[in-house]
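Observations on the three-dimensional arrangement
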Amino acid sequence: MAGRGKPRKLNSLDAECTKVSSPDLTEGKQSEKQTKQKPKKAEQKNPNDAEEKFPPDSTRRESPDSRAERTSATRTKSTKQLPVAKQTKENPKTTRTKNTEEASEQTTKTEISAGKAKSPPAKARDAKPKVEVQSAEQDTKVAPGKSQDLKRKDMTKEKASTDYILKETLEKIRIKMIDKVNAAKVIKAIIQNIINHLKQNTSSFKEVQEPLKTGSYYENLKICNPDEFDVMLPILVDRVKLEPFGNDGAFYSVELKRGHKNLEKFLENDILSATKMLNEFREEVKKCVKNFTEWKVDKKKRGCPAVTLTTHVQSVPISLDVVLCLMVKSSWPPFTTEGLKINNWLGDKAKQEYRQKPYYLVPKYEGKGTVESDGVLNKDVWRVSFSHIEKAILKNHGSKKTCCEKSGENCCRKSCLKLLKHLLHLLKERDSSFDKFCSYHAKTTLFHACCLRTDDSNWRASDLSNCFQLLLEDFERYLENGELCNFFIPSQNLFSGIRKCKCLSGAIREERLNGFPIFREQLTKVTSSDVH
């Protein structure tokens with residue numbers, strides 16, 4: 001309130017009215033000044049109280065000056081309400097602000113009628129800026145009619161998320177149970193026929209042991225189609241002497257001790273020749289398969305330890321790798337001492353049990369067969385194999401025994417490996433320069449990852465996307481460094497002699513950072529084929 005005897009400055013409401021009012025407003029203004037000179041001691045009332053204190057104009061006398069004041073106040077109210085009404089029409093949510101302005105104007109009217117010269121309350125003075133702030137805030141809010149559209153958009157984004165793409169890809173590459181059953185029957189029948197032939201018609205292989213079913217199909221890691229099978233047929237050799245061939249600890253020359261007369265014809269300078277033994281094994285398999293016309297024997301591949309057979313099961317091509325191997329029941333080679341670091345993952349007991357099992361030697365070499373070292377040709381050496389241990393680890397892969405069991409939680413270790421194998425397969429189809437990379441590189445990467453992230457909580461099925469991307473980052477790192485250590489023989493670099501490691505790393509990184517467009521493309525193709 002202004003001080004006694006001092007003229008009151010024109011407030012914001014009066015200023016607006018002055019711009020639009022007629023000459024009568026000037027009279028009201030002069031009357032207001034006269035009223036200021038005779039202030040009364042009366043407490044400020046709210047608009048409702050003012051209406052009760054001052055009855056309608058028809059019931060009381062009023063001087064010409066009072067009439068002029070009332071006329072001025074009425075015109076002020078009608079003039080001020082117009083923009084407020086318009087604003088209310090445009091935005092219904094400003095009704096609260098309108099009521100505040102009307103209350104302020106009513107208070108001003110009452111004070112003028114009572115001869116008071118008070119300024120409008122602080123709330124009334126701040127009313128207009130408050131409207132502007134509210135309007136600005138309301139502009140940022142979503143209109144009620146658009147909320148459903150935004151929800152639908154959010155659902156679309158979620159559906160197209162990386163996690164959704166990975167889960168759909170896993171579903172796409174899953175093998176149907178009926179296809180598994182049909183293929184398994186055919187494979188079991190031909191393997192049994194080969195074993196019977198070796199036992200009954202040969203002297204060198206008559207002591208063949210029970211088949212060792214290895215590879216992705218028997219590890220429940222096969223993707224897309226049950227079209228590739230690996231079966232090892234072991235020949236037991238109790239007492240042998242091994243000598244490392246090369247420096248990586250993966251290849252060995254084998255010298256037989258007493259008690260293996262049936263294998264003596266394969267000796268070359270007292271060394272069991274892998275090439276000689278594999279050649280005769282191959283011939284015996286071919287003899288057996290001749291009786292089964294639906295099967296064919298593929299041409300021999302250099303350095304390949306398997307005899308590959310092919311057939312068709314319900315128009316689907318099937319290949320079977322029959323691998324000759326030596327089963328050695330003795331301590332593992334010294335190069336394996338620092339390998340199999342599963343102590344923190346599967347436990348010390350599991351590691352001890354695995355190391356007590358026999359190991360296997362397959363007739364495989366790398367490079368040129370004529371390379372010689374200490375009088376032994378490269379083509380006559382054997383490579384150590386732990387396929388049976390790999391299969392056992394993947395079967396019992398959890399830090400807890402209940403992992404992926406009915407009584408426990410599911411993990412995504414195998415799902416991540418399937419996705420990595422599928423990604424590698426698609427990239428190899430796109431770029432033939434990646435042909436040297438194989439699924440064994442992916443499996444080894446998973447084993448190392450499980451030793452780094454040991455607990456089952458690090459591999460929750462619900463966290464598939466994050467787990468898979470971490471696995472890819474591991475693989476990219478190995479590729480960038482050009483080094484991936486054999487899980488059982490750390491001295492062997494599985495990337496040795498392979499080019500394009502960094503190129504493959506870049507291709508995988510691009511897929512990972514862009515939400516796996518190569519998977520999206522495959523899913524789109526499947527959807528299109530379903531439509532047509």
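Rules of the game
Residues numbered from 1 in each chain as written. Predicted model: local features only at pLDDT ≥ 70, side-chain atom pairs only at ≥ 80, totals over all residues. Heavy atoms only, no water. Helix = DSSP H or I, 4+ residues; strand = E, 2+ residues; numbered from the N terminus. Contact = heavy atoms within 4.5 Å. Areas by Shrake-Rupley, 256 points an atom, 1.4 Å probe, with all protein chains shown as cover. Buried < 20%, exposed > 50% of the residue type's maximum accessible area, 1.4 Å probe, protein only. Core = buried A, V, L, I, M, F, W, Y, C linked by side-chain atoms within 4.5 Å. Phe/Tyr/Trp six-rings, centres within 6.5 Å; stacked < 30°, edge-to-face > 60°. pLDDT = per-residue confidence, 0-100. Expected span 1.5 Å × (residues − 1). Polar contact = N/O pair within 3.5 Å; in protein donor to acceptor, adjacent residues only side chain to side chain. Salt bridge = Lys/Arg side-chain N within 4 Å of Asp/Glu carboxyl O. Disulfide = S-S within 2.5 Å.

Attention now goes to the overall build of the protein. Counting its secondary structure elements, the protein contains 18 helices and 13 strands. Taking as baseline every contact in the protein between residues at least 6 positions apart, the subset at least 24 positions apart corresponds to 69%. Accessible surface computed for the protein: about 30700 Å², of which carbon and sulfur atoms make up 48%.

With that settled, the discussion passes to the environment of Val297. Locating Val297 in the fold gives a position in strand β7 (residues 296–297). Of the residues examined, Val297 reaches a relative accessible area of 28% and is grouped as partly exposed. Sequence separation between Val297 and Arg282 is 15 residues, and the spatial gap between their C-alpha atoms is 9.4 Å. Contacts of Val297, omitting those with residues within four sequence positions, involve Arg282, Lys286, Val289, Val307, Thr308 and Leu309.

Another point: the nonpolar core. Of all hydrophobic cores here, the largest spans 112 residues; its most connected members are Met277, Phe281, Leu309, Leu320 and Phe519. When near neighbours in sequence (up to four residues on either side) are disregarded, Phe281 contacts Leu198, Phe205, Leu233, Val307, Val322 and Leu324. Counting residues in hydrophobic clusters, the runner-up holds 8 residues, among them Leu212, Met232, Val323 and Met327.

This paragraph deals with the packing of aromatic side chains. For the structure on display, the rule yields 14 aromatic pairs. On the numbers, 4.6 Å between centres and 50° between planes, the contact of Trp332 with Phe386 is tilted. Linking Trp332 in the loop between β9 (316–328) and α12 (348–355) with Phe386 in the loop between β13 (382–385) and α13 (387–395), this pair joins segments that are 54 residues apart in sequence. Accessibility assignment for this pair places Trp332 and Phe386 in one class, buried. With a centroid separation of 5.5 Å and 85° between ring planes, the pair formed by Phe487 and Phe488 is classed as edge-to-face. Of the two residues, Phe487 and Phe488, both sit in the buried class.

A few words now on the confidence of the model for the protein. Scored by pLDDT, the protein comes out at a mean of 78, with 69% of its residues at no less than 70. Per-residue pLDDT stays below 50 along residues 107–143; that stretch engages in 51 contacts with residues further than four places along the chain or on separate chains.

Because each turn of an α-helix spans 3.6 residues, side chains separated by three or four positions end up pointing in the same direction. In this model, helix α15 (residues 439–452) (14 residues) spans 20 Å end to end at C-alpha, consistent with the 20 Å of a helix rising 1.5 Å per residue. Extensive coverage of α15 is indicated by the burial of 10 of its 14 residues. Restricting attention to buried positions, one finds in α15 the residues His441, Ala442, Lys443, Thr444, Thr445, Leu446, Phe447, His448, Ala449 and Cys450. Among the structural elements, α13, α14 (413–430) and α16 (464–481) are those in contact with the buried residues of α15.

Another aspect to go through is the side chain of Lys443. Within the element layout of this structure, Lys443 appears in helix α15. For Lys443, the side chain forms a polar contact with the side chain of Glu219, separated by 3.0 Å. Look past the residues within four positions of Lys443 in its chain and what remains in contact with it is Glu219, Glu390, Leu394 and Leu417.

Take the pattern of salt bridges next. Evaluation of the coordinates by the stated rule reveals 18 salt bridges. The shortest N-O distance in the salt bridge between Lys286 and Glu283 comes to 4.0 Å. Highlighted residues: Lys286 and Glu283, both in helix α11 (residues 274–289), separated by 3 residues, approximately one helical turn. When its relative accessible area of 32% is taken as the criterion, Lys286 is described as partly exposed. In this structure, the salt-bridge partner of Glu480 is Arg509, at a minimum N-O distance of 3.4 Å. One end of the pair, Glu480, is in helix α16; the other, Arg509, is in helix α17 (residues 501–513), and 29 residues separate them in sequence. For Arg509, a relative accessible area of 28% corresponds to the partly exposed category.

Attention now goes to the state of the cysteines. Going through the model one piece at a time under the given rule, you end up with 0 disulfides. Cys412 provides the cysteine sulfur closest to Cys467, a residue in no disulfide bond, and the two sulfurs are 3.6 Å apart. Counting only cysteine sulfurs, Cys501 is the nearest neighbor of Cys503, a cysteine outside any disulfide, at a range of 9.2 Å. Cys503 sits in the partly exposed class, given a relative accessible area of 44%.

This next bit is on helix α10 (residues 177–201). Between its terminal C-alpha atoms α10 stretches 36 Å, which fits the 36 Å expected from 25 residues at 1.5 Å a residue. Every buried residue of α10 is listed here: Asn182, Ala183, Ile187, Ile190, Ile191, Ile194, Ile195, His197 and Leu198. Check the buried side of α10 and you find it contacts β2 (228–237), α11, β8 (306–313) and β9.

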